[in-house]
Amino acid sequence: MDAKDAARKIHFDVNRPIHLARRDVFFERAVELLYTPMQNMSTADRIKHVEVVISMLKTAERHAFFAIQSSATVTQESDFLRFLKLISDNVQSAHSMMQHQLHLEAEESFLCQFLSATPEQCVLPAMHYQRRAEDILQGLWNVLQLAHNAYRTLKQANLQKLSDEEQERYRKAYDSFRADVTSRYTVPVANNNGQPAPQG
């Protein structure tokens, strides 16, 4: 390892508690937002809501990547990074279905005009896209339920490998990020289908 690589490793070692805190806060909030009931939202509002989730998952993914650049990683971290990418891909797919639905529902729908279809003829494919988005999200909720214990185990393993001083830095950073994120992105108390969001 040359001097540049060594300096880089030290940088990630020093900042590991902060990266872990960001990873955890943004993942947990993304999951809470995913469990928010969307049945009464308009299609446009669903799209905006899901875009926030995607942004949060990307932030969690980025800091998960930074965290595994240190010399104190645990085995499950690489798998968790891959898991975050899979979850993000799923949400992106649901987002695409919602956008297709919105294009078909719009009063001045370019898609309906291009297809030379009447608004009535566009209703059925719009419903099809809505169902596909709901199916994707339902499958995602099931996977997230399965992930609850694995995530909690990973989080505990990460904390156990931190020194007392690093644990304190993690907790302060976590509390600060959590307060900021929850104040900016509020969600209803009840989760979708009454299911709890996986948190540590």
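Right above here is the structure, for reference.
Residues numbered from 1 in each chain as written. Predicted model: local features only at pLDDT ≥ 70, side-chain atom pairs only at ≥ 80, totals over all residues. Heavy atoms only, no water.

Digging into the overall build of the protein chain
For the protein chain, the count of helices and strands is six helices and zero strands. Overall, the protein chain shows an N-to-C arrangement of helices and strands of α-α-α-α-α-α. Long-range pairs, those at least 24 residues apart, make up 83% of the contacts in the protein chain between residues at least 6 apart in sequence. Carbon and sulfur atoms provide 54% of the accessible area of the protein chain, an area that totals close to 11000 Å². (Helix = DSSP H or I, 4+ residues; strand = E, 2+ residues; numbered from the N terminus. Contact = heavy atoms within 4.5 Å. Areas by Shrake-Rupley, 256 points an atom, 1.4 Å probe, with all protein chains shown as cover.)

So, the packing of aromatic side chains
For the structure on display, the rule yields eight aromatic pairs. Judged by centre distance (6.4 Å) and plane angle (70°), the ring pair of Phe 27 and Phe 83 falls under edge-to-face. Of this pair, Phe 27 sits in helix α1 (residues 3-34) while Phe 83 sits in helix α3 (residues 76-105), and the two are 56 residues apart along the sequence. Residue class for Phe 27 comes out buried when judged on its relative accessible area of 1%. An aromatic cluster is present here, built from Phe 27, Phe 80, Phe 83 and Tyr 151 joined pairwise through their rings. Taking NZ or CZ as reference, Arg 22 lies 4.1 Å from the ring centre of Phe 177, over its face. (Phe/Tyr/Trp six-rings, centres within 6.5 Å; stacked < 30°, edge-to-face > 60°. Buried < 20%, exposed > 50% of the residue type's maximum accessible area, 1.4 Å probe, protein only. Lys NZ or Arg CZ within 6 Å of the ring centre and 35° of its normal.)

Thoughts on the pattern of salt bridges
For the structure on display, the rule yields eight salt bridges. For Arg 16, the salt bridge is made with Glu 77, and the minimal N-O distance between the two is 2.6 Å. In this pair, Arg 16 is assigned in helix α1 and Glu 77 in helix α3, connecting sequence segments 61 residues apart. The two residues Arg 16 and Glu 77 agree in class, both being buried. Of the charged contacts, one joins Glu 32 and Arg 29 as a salt bridge, the two residues approaching to 2.4 Å between their closest N and O atoms. Here Glu 32 pairs with Arg 29, and both are found in helix α1, just three residues apart, close to one helical turn. Per residue, the accessibility class of Glu 32 equals that of Arg 29, and both read buried. By sharing partners, the salt bridges in this structure join Arg 29, Glu 32 and Arg 178 into a single network. (Salt bridge = Lys/Arg side-chain N within 4 Å of Asp/Glu carboxyl O.)

Description of the environment of Arg 62
Looking at the element boundaries, Arg 62 is found in helix α2 (residues 43-67). Residues Arg 62 and Arg 22, 40 residues apart in the sequence, show an inter-C-alpha distance of 9.3 Å.

Quick word on the nonpolar core
In this structure, Phe 27, Leu 34, Leu 57, Val 91, Leu 137 and Leu 144 are the most contacted members of the largest nonpolar core, which totals 45 residues. Broken down by secondary-structure element, the contributors of at least two residues to this core are α1, α2, α3, α5 (119-160) and α6 (164-184). Ignoring anything within four residues of it in the chain, the contact list for Leu 137 reads Leu 34, Met 38, Ala 94 and Met 98. (Core = buried A, V, L, I, M, F, W, Y, C linked by side-chain atoms within 4.5 Å.)

Examining the side chain of His 19
Inspection of the secondary structure puts His 19 in helix α1. What His 19 contacts, discounting residues up to four positions off in sequence, is Phe 12, His 63, Phe 66 and Ala 67.

Observations regarding a nonpolar patch on the surface
Together, Phe 110, Phe 114 and Leu 115 make up a nonpolar patch on the protein surface, roughly 390 Å² of accessible area in all. With respect to the helices and strands, the residue Phe 110 is situated in helix α4 (residues 110-115). (Patch = residues over 30% accessible without salt bridge, like charges linked within 9 Å, V, L, I, M, F, W, Y side chains within 5 Å.)

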